[in-house]
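Secondary and tertiary structure notes
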Amino acid sequence: MKKGLFITFEGIDGCGKSTQITLLKEKFSSENKEFIEVREPGGTRVGEKIRNILLDRKNDSMTRMAELLLFEAARAQITEEVIIPAIGNGVNVICDRFYDSTTAYQGYANKMGRDLTDFLNLKATSETSPDITFLLDIDPELAWKRRMGRGEEDRIEMLGLSYQEEVRTGYLELAKSEERIVIIDASRDPEVIHEEIVKHIWDLTG
Ligand code: TYD
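In this report, we go over the structure that sits alongside the text.

Here is what the cut-offs are and how they apply
Residues numbered from 1 in each chain as written. Predicted model: local features only at pLDDT ≥ 70, side-chain atom pairs only at ≥ 80, totals over all residues. Heavy atoms only, no water. Buried < 20%, exposed > 50% of the residue type's maximum accessible area, 1.4 Å probe, protein only. Helix = DSSP H or I, 4+ residues; strand = E, 2+ residues; numbered from the N terminus. Contact = heavy atoms within 4.5 Å. Phe/Tyr/Trp six-rings, centres within 6.5 Å; stacked < 30°, edge-to-face > 60°. Lys NZ or Arg CZ within 6 Å of the ring centre and 35° of its normal. Pairing = 2+ DSSP bridges. Axes fitted to C-alpha atoms, helices over the stretch in contact; angles between N-to-C directions.

Concerning helix α4 (residues 99–109)
Counting buried positions along α4 gives 10 out of 11 residues, so the element sits mostly inside the fold. The complete set of buried residues in α4 reads Y99, D100, S101, T102, T103, A104, Y105, Q106, G107 and A109. Against the buried residues of α4 lie β1 (6–10), α3 (64–88), α5 (114–125), β4 (132–137), α7 (161–177) and β5 (181–185). K111 sits one or two residues past α4 and shows a positive phi near 60°.

So, in structure tokens, the structure goes:
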């Protein structure tokens with residue numbers, strides 16, 4: 001059986017991932033393409049519990065290592081429980097964040113280092129790599145303005161603009177060495193961005 005495509009969306013907080021994922025799901029539905037949507041951290045019973053710990057503003061004493069390992073724990077769970085079986089059954093997987101988030105947020109912005117994050121990313125996923133990754137690149141200030149009015153900030157959003165700058169730099173640095181990562185200018189109209197994303201996916205599937 002033909003394997004499902006594994007598509008991931010990445011970017012700083014407020015980059016517009018959710019809008020693009022919604023548009024892509026509508027496109028897949030209209031083309032009768034089978035897919036599932038998952039998000040990280042979360043997406044499983046165990047993973048959603050870990051998500052609550054990670055994003056809870058009260059957990060401001062969480063160490064950087066504890067944070068990294070919790071993200072990887074949630075990832076290990078969803079990869080084995082959901083992502084690998086779906087791809088194997090020919091179902092496309094649209095994932096809102098995957099291990100590139102750990103590289104950018106924990107590896108670069110939190111300065112845990114690429115050696116450690118690369119190692120854990122591979123272990124947590126049994127080396128399951130996305131076929132294509134859309135990095136929605138945007139100026140953190142613009143993203144912050146978009147986020148305003150969306151309710152209370154979570155523990156990671158609370159870290160502020162300079163943190164988001166570092167995450168962005170981390171993503172762009174990572175994209176230099178990963179061919180699967182497509183950098184998308186996310187400051188544009190959502191429909192224009194969507195068309196570009198669809199074109200990349202069709203190019204991949206032939
Ligand atoms: P979420 O509300 O899902 O944010 P978004 O809608 O921007 O994806 O919260 C996830 C937060 O966790 C987000 O700030 C990014 C962060 N994160 C990491 O720091 N490392 C990771 O490995 C992942 C998956 C997410």
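Notes on the packing of aromatic side chains
Per the stated rule, a full pass over the model turns up 7 aromatic pairs. Here F9 and F134 contribute two aromatic rings whose centre-to-centre distance is 5.5 Å and whose plane-to-plane angle is 40°, an arrangement assigned as tilted. On the criterion of sequence distance, the pair formed by F9 in strand β1 and F134 in strand β4 is long-range, its members being 125 residues apart. Owing to a relative accessible area of 0%, F134 belongs among the buried residues under this scheme. Through pairs of rings, three or more aromatic residues link up here, namely F6, F98 and Y99. A cation over an aromatic ring shows up here: R75 above the ring of F98, its NZ or CZ 5.8 Å from the ring centre.

What to know about the sheet that holds strand β3 (residues 92–96)
Reading across the sheet, the 5 strands line up as β2-β3-β1-β4-β5 and stay open at both edges, with parallel pairing between neighbours. For this open sheet the edge positions go to β2 (35–39) and β5, each flanked by a neighbour on one side alone. On average, each strand axis in the sheet is tilted by 20° relative to the strand beside it, whichever way the strands run. For β2 and β3, the ladder comprises 5 bridges, and the chain directions are parallel. Note that in β3 the partner of V38 across the bridge is C95. Where α7 meets the sheet, its contacts fall on β1, β4 and β5, and the angle it forms with β4 comes to roughly 140°. Where helix α8 (residues 190–205) meets the sheet, its contacts fall on β1, β4 and β5, and the angle it forms with β4 comes to roughly 160°.

Remarks on the side chain of R180
If you trace the backbone, R180 turns up in the loop between α7 and β5. Those residues in contact with R180 that sit more than four places away from it in its chain are Y99, D100, S129, P130, D131, I132 and T133.

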